[in-house]
Structure formats: structure tokens, C-alpha cells
Amino acid sequence: MSEADLETWPEQGQNKRVSEFQRFLRVMFGRWLVIFGTFVIVLTVFVALFAPQLAPYNPNKVNLREMIEPPSAKHLLGTDEMGRDLLSRVIYGSRIAVSVGIVVVCIAGVIGMSLGLIAGYFGGWIGTMIMRFMDALMSLPPLVLMLAIAVMLGGGIAKVYVALGIAFMPTYCRLMCGEILSIKENDYVMAANVIGAGHIRVMFSHLVPNAFPPLFVMITLDLGFAILAEASLSFLGIGINPPTATWGAMINSGQQYLLTNPLLSIVPGVAIVLLVLAFNLVGDGLRDALDPRLRGKI
Amino acid sequence: MLSFLLRRTIHTIFVVFIVTIISFLLLHIIPGDPVVRILGAHATAAQIEQLRHELGLDQPILWQYIHWIWNVFHGDFGKSFIYHEDVGSLMLERFPVTLYLVSISLILSTIIGIIGGVISAVKRGGVADSLISLFANTGIAIPSFWLGIVGIYIFGLKLGWLPVQGYTSPFGDLWMSLKQLIMPVFATSVPNVAIVARQTRSSMLETIQQDYVRTAKSKGLKQRVVLYKHALRNALIPVVTLVGLTLAFLIGGEFIIETICNIPGVGRLLVRAAMNKDYLIVQGGVLILGTAICIINLVVDVTYGLIDPRIRYK
């Protein structure tokens, strides 16, 4: 009650919010693993944005006189089977990785959360239908589902986005639905109903903002897992077409030249592991900072 | 118990029904005419008409579904246009190999993951915990196909300890079979070990704080008894009920490894079919795998309901 009284004083409320944010930052960046993760993510985004400036060569320039060369001063990581500079290709690969992460999470997040909101708020047969549909999607092995959708739609980066978006959707829907169901029971939601707030107002000014913390963690983790999933698809040669540099496809084409230049497969893999790990670490840090009670739930 | 069983079964049937709808619709999201895409550009008009009729695509969509599901119930998933064989029998031939590999990986990784998670939780904050947590975080981030390739490079090509690829039936040459098995099983298991270890750790930490664990401790039971008899059993419930999810995840890794290591399983069939746009195999694969996982989930849930009455009432 006293806290609510304080909130009526704008200045006091402001102060409280700042300190809350400071506490968040302190917990979040209190561990070096989270700092490391943030650093890797920021670095990758920077590399992706400035790939043309950073890459020493054109990533798609074929040079048949310099095929599969070991690392040298000219080509720091060597060249691939078409004489293309490996370092430049790894740098350009970050563009696909970052864009896949963002787009897929947007598609999966927006659709999944909206469906989860509807299912959790209205319930009834429509809620049941939505949730059973998600159960069905979740019972399919994600790789097989993505493979099937991407192949049926017929390749290309847009199809990969859609396929991954659908495969990543159910977790958002479930999480949102669960959150809404539990938040709905709160007194303030009942109070909002009593004063005659409409569905839209209850949903968007009372339910959604409170449901967001765990979803936020989920989004961070999925940015990494989407990148991992896209790597699997492009490793199998499905989706993004050559000669576009993607880490998954590079690992695949490099595996034939393991004895001459193993870096062709190893370096893109290390890039994937580092970036996905970074998102995991930051996601974990975020979870602990936002709400320690979420530990183990996500 | 009976009502729980009934409820879960109806739920599963409903979900399987939606899985069939999803698989059915897969053929309909193909842009353009799926029949032309299936047969390729060289098909004659008569062939196209014939296949269209065989697949029932000249019927209204509801009727198409009924027609298709009727065939599926009779074991007819259509014919692969590359192998010119029944999709069902193609799958069935390769199924034992995949089942063999997946079950070894699943059992192994679950056991190792649980042990790791328990150690991590019990020694919370110690060196072992830090190491296991770091492994758990990294393990999830490693693509299993990359691990497979690095493994092939180190143990197959450089050290020459393991065969690079291939599959031998364990009933033929057991020693060779085991040697060929190590790499694929290792590569598919690592991410799963990480997932299970994370889950076990957090679930175990939560259980240790429960009142009944404190009671058990304060009445003077040995720590070992408290941990393994009182805490672990309850901590494992969320871990084991997630087995369906981890299985679905494991199958994905397994399928790619099959293509890398040239193992004649369902995974290699499905991946090759996807690359060659052999749509009916992909559709059949989605349907069969989805249904199988639904049923496994049901079995796991019911078994757990039998063991733990609380689950029945959730």
C-alpha cells in the first residue's frame, strides 16, 4: 500500500524506477560471462553492418589460381575450393546469421505471441484449437518441419525465414498463453474488468506488459537457436542459394577438403558456436536480472 | 487413473489428427502445380492427369484429405518418384537403423546429462558446477553436424582411430559396427547431454529447497539418502516428461549426422528426398515422425501418471 502511495508522487516514482534499472544492470553485467556474450553479439552485429569495409576481398570472387590455399599473409585463413578468401566469406556470413536471427524471431514472436494471447485470454474452443495446433507443431522434429516447409515452398532466403518462423512459433504461443492465464487471475485485472475496460485495453495495457519479461528471455535465446537452425538447413544445401556466404554451407563445402585446409570447415563452425553461445549467456543473464524466479522455467 | 488415461489418449488423438492435417497441407503449399513439380518438366499430359487422379488432386480439398488419410491408414503414402517405390516401405526398410542409433544416443545422453546435472546441483558454486555449466551452455550452441565433421577430421583422418563413415549392422560385424557408431552417437549426444544437464540442474536445485527435503534432512537422514531418494526422484519428473521434446531435437541432429556419415537410415533418405524435391517422402516422413513422437509422449505421460499420482490431476 505504501509503495502505491509513493507512486503517486511523480519524482519519487521516477527515482525508484532508475534504481530498479540500475539494479537490473548490476545483476545483468555482474558476471563476466554475460559481458563476454554481450561483447560477442555487439562485435558480430558490427562486423555484419560493416562487412564491405572489413572484408579484405570480395567474398564471391572466384580465383581459380588460388584454390584451397593454406593460411598466408595474403589470405589470413586461406582460400576455399574456388579460390575465395575464407576470412571475407566468414565476415559476410555474419550478415545472413544476424538477419536470420532477427527476422525469424520477429515472425515467430509476433504470430506466436498473438495466438498465445488469444488462446490465453479467450480460452474456449478457439484457445483449445490453437494450443493443440501448437502441440502438433511441437511434436514434429524441428529440423524435419523446417526442412519440409522450406523444400515445399521451394528454396530461397524468404522461404527459410518462413519455415524457421513457423518452427519457432509454438514456444512463444505456449509461454504467452501460460503467462496470460496466470496474470488473468490477478486482482488488478478483475478491477480493470469491473471499471469496464474493454478486451483490447485489458489485454494490451494490463496483460501483455506483465507477460513480457519471460518472453524477452525467450527472444534472446531464440536469436541464437534460429541461427543454429539456419546453419543446419544451409549445411544441407536447402534454402539460401550459392554463392551467398552462409556459415552452414561453408562447413558443408569445406568437409571435402579437411586434409588440405581444415579451417574451411572449422572456422565457420567456431563462428556459429561463439554467436549462439553468446546469445545463451546473455539470455541467462537477462533471466536472472529480470526475475530470478524464472530460473529453470525457460 | 482411467479418466486420466482417457483424457491423455483423446488429447493425443486430437494432436495426431492435426499432425495429419499439417502433413496433408504440406503438399498444398508447393507453389504452382504440385503434380507438375513432382513429375518434373518432362512429364506428358496423360501422366500428369493420371498422377493427379491417383493423388486425388482433382477432387475438392476435404475429399482429398479423406482420400489421402484413407490411403495412409492402409499403409499407402504414395510412391517416391525417384526410387519408384512405396514411401512406406522405403521408410520401413531404413527405420531400424535410425531407431538403433537414436535410442543409443537418447539413453546415453539422458543418463550422462542427469549425472552431470545432479553433480552440478549438489556441488553448486564449485569447480565441477562451473565446468558442467560451461559445458551445458556450449553444448547447446554446438551444431552436431559440425561436431561430427571435426570428429571425422581429428579421429578419422588425423589419428586414424575411427572409420570416417559408413554403417555396419551390429549383427554382422559387431566390432566394426561399434567403431562406426562412436562418432555419430557422440555428435548427436553432446547437445542433448547439455539440455538434459541444464534441466536436471535447475530442477534439482528447486527440489532441494522444498520443505520435505528439509524435513528429511532434519530428521537425520544421510545426505546421500536425502539427495537420491527424496530429492532426485522428484527432480527427475520434469526431465523425463521432456523426453518427447528432447527426442524431437535429437532426431534432427541424428538426421544430419546420417547424411554426413553415410548411414542408411530414415534421416539420409529424408534429407536426400528434400534435396531432390521428392515431396511424397518428405510428407510421409513428417507424418510418421510426428505421429511416432505423439505416441511416445503419450506413453511417457501415462507411465509417469502411474508412478506419480500428482501428474494425473494436473
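Residues numbered from 1 in each chain as written. Chains lettered and ligands numbered in written order. Predicted model: local features only at pLDDT ≥ 70, side-chain atom pairs only at ≥ 80, totals over all residues. Heavy atoms only, no water.

## Points about the packing of aromatic side chains
- Under the counting rule described, the total for this entry stands at nine aromatic pairs over all chains.
- Among the aromatic side chains, those forming a connected cluster through ring pairs are B:Phe17, B:Phe24, B:Tyr65 and B:Trp68. (Phe/Tyr/Trp six-rings, centres within 6.5 Å; stacked < 30°, edge-to-face > 60°.)

## A short note on the nonpolar core
- Core analysis: the biggest nonpolar cluster contains 157 residues, and A:Leu164 and B:Ile260 have the highest contact counts within it.
- Ranked by residue count, the leading element in this core is helix α10 (residues 199–235) of chain A, at 16 residues.
- In this structure, this core is formed jointly by two domains, domain 1 (2–73) and domain 2 (94–307) of chain B, each of which donates at least three residues.
- Membership of the second largest hydrophobic core comes to 15 residues, among which are B:Ile114, B:Ala121, B:Val213 and B:Val239. (Core = buried A, V, L, I, M, F, W, Y, C linked by side-chain atoms within 4.5 Å. Buried < 20%, exposed > 50% of the residue type's maximum accessible area, 1.4 Å probe, protein only. Helix = DSSP H or I, 4+ residues; strand = E, 2+ residues; numbered from the N terminus. Domains from an automatic or database assignment.)

## Overview of the packing of helix α10 (residues 223–241) of chain B against helix α13 (residues 279–307) of chain B
Residues and elements named next belong to chain B.
- Contact geometry for α10 and α13: axes closest at 10 Å, N-to-C directions at 160°. If you check the angle between α10 and α13, you find them roughly antiparallel. For the pair α10 and α13, the crossing hand works out as left-handed. Every residue of α13 that contacts α10 at Leu236, Ile237, Val240 and Thr241 is listed here: Val300, Asp301 and Tyr304. (Axes fitted to C-alpha atoms, helices over the stretch in contact; angles between N-to-C directions. Parallel < 35°, antiparallel > 145°, perpendicular 65-115°, else oblique. Left-handed = near helix turned anticlockwise from the far one by under 90°. Contact = heavy atoms within 4.5 Å.)

## Structural notes on the environment of A:Met82
Residue and element names in this part refer to chain A.
- Along the chain, the position of Met82 falls in the loop between α4 (51–54) and α5 (86–122).
- Along the chain, Met82 and Met250 lie 168 residues apart, while their C-alpha atoms are 12 Å from each other.
- Once residues within four sequence positions are removed from consideration, Met82 is found in contact with Val62, Asn63, Leu64 and Met67.

## Details of the interface of chain B and chain A
- Across the boundary between the two partners, chain B contributes 53 residues, which contact 46 residues of chain A.
- Of the roughly 4300 Å² buried between chain B and chain A, counting both surfaces, carbon and sulfur atoms make up 80%.
- Together, B:Phe145, B:Trp146 and B:Ile149 form the three largest contributors to the area buried by chain B at its contact with chain A, with a combined 13%.
- The residue makeup of the side of chain B that touches chain A, split by class, is 39 nonpolar, nine polar and five charged. (Buried area = accessible area lost by both parts, 1.4 Å probe. Nonpolar A, V, L, I, M, F, W, Y, C, P; charged D, E, K, R; others polar.)

## Re the pattern of salt bridges
Residues and elements named next belong to chain A.
- Counted by the stated rule, this structure contains eight salt bridges over all chains.
- A salt bridge links Arg174 to Asp135, with the nearest nitrogen and oxygen atoms 2.6 Å apart. With Arg174 in helix α8 (residues 157–184) and Asp135 in helix α6 (residues 124–139), this pair connects stretches of sequence that are 39 residues apart.
- Residue classification places Arg174 among the partly exposed positions, given a relative accessible area of 37%.
- The buried category is assigned to Asp135, whose relative accessible area is 11%.
- Linked by salt bridges that have partners in common, Arg132, Asp135 and Arg174 make up one network. (Salt bridge = Lys/Arg side-chain N within 4 Å of Asp/Glu carboxyl O.)

## Section: the environment of B:Gly156
All names here are of chain B.
- Its place among the elements puts Gly156 in helix α7 (residues 144–158).
- Taking the relative accessible area as the measure of exposure, Gly156 reaches 13% and is therefore buried.
- In this structure the C-alpha to C-alpha distance between Gly156 and Tyr228, which are 72 residues apart in sequence, comes to 40 Å.
- Setting aside residues no more than four positions away along its own chain, Gly156 makes contact with Gly151, Leu162 and Val164.

## Some points on α7(B)
- Across its 15 residues, α7(B) extends 20 Å between first and last C-alpha, which sits within 8% of the 21 Å expected from 1.5 Å per residue.
- At B:Ile152, α7(B) shows its maximal bend, which comes to roughly 30°.
- With 11 of 15 residues buried, α7(B) is to be regarded as a mostly interior element.
- Taken together, the buried residues of α7(B) touch α10, α11 (247–254) and α12 (263–290) of chain A together with α8 (174–208) and α11 (243–261) of chain B.
- A positive phi of about 70° marks B:Gly160, the residue just after α7(B). (Expected span 1.5 Å × (residues − 1). Bend = angle between axes of the 7 residues up to and from the residue.)

## A word on unusual backbone geometry
- One non-glycine residue with positive phi stands out, namely B:Asn262, at about 55°.
- Of note, B:Asn262 is situated in the loop between α11 and α12 (266–275).

## Concerning the domain arrangement of chain B
Residues and elements named next belong to chain B.
- Looking at chain B, the domain boundaries give domain 1 (2–73) and domain 2 (94–307).
- Just the C-alpha atoms count here: the centres of domain 1 and domain 2 sit 32 Å apart.
- Of the residues lining the interface, 19 residues belong to domain 1; the matching set on domain 2 comes to 14 residues.
- Buried surface at the junction of domain 1 and domain 2, both sides included, amounts to about 1500 Å², of which 78% is carbon and sulfur.
- If you look at where domain 1 meets domain 2, you find two residue pairs in polar contact (both at pLDDT 80 or more).
- Counting residues per element, the ones that place at least two in the side of domain 1 that touches domain 2 are α1 (2–26), α2 (34–39) and α4 (61–73).
- Partitioning the side of domain 1 that touches domain 2 into residue classes produces 13 nonpolar, four polar and two charged. (Polar contact = N/O pair within 3.5 Å; in protein donor to acceptor, adjacent residues only side chain to side chain.)

## Quick look at the state of the cysteines
Residue and element names in this part refer to chain A.
- Scanning the entire structure with this criterion turns up zero disulfides over all chains.
- Cys173 provides the cysteine sulfur closest to Cys106, a residue in no disulfide bond, and the two sulfurs are 17 Å apart.
- Among the cysteines around Cys177, which has no disulfide bond, Cys173 carries the closest sulfur, lying 6.3 Å off. (Disulfide = S-S within 2.5 Å.)

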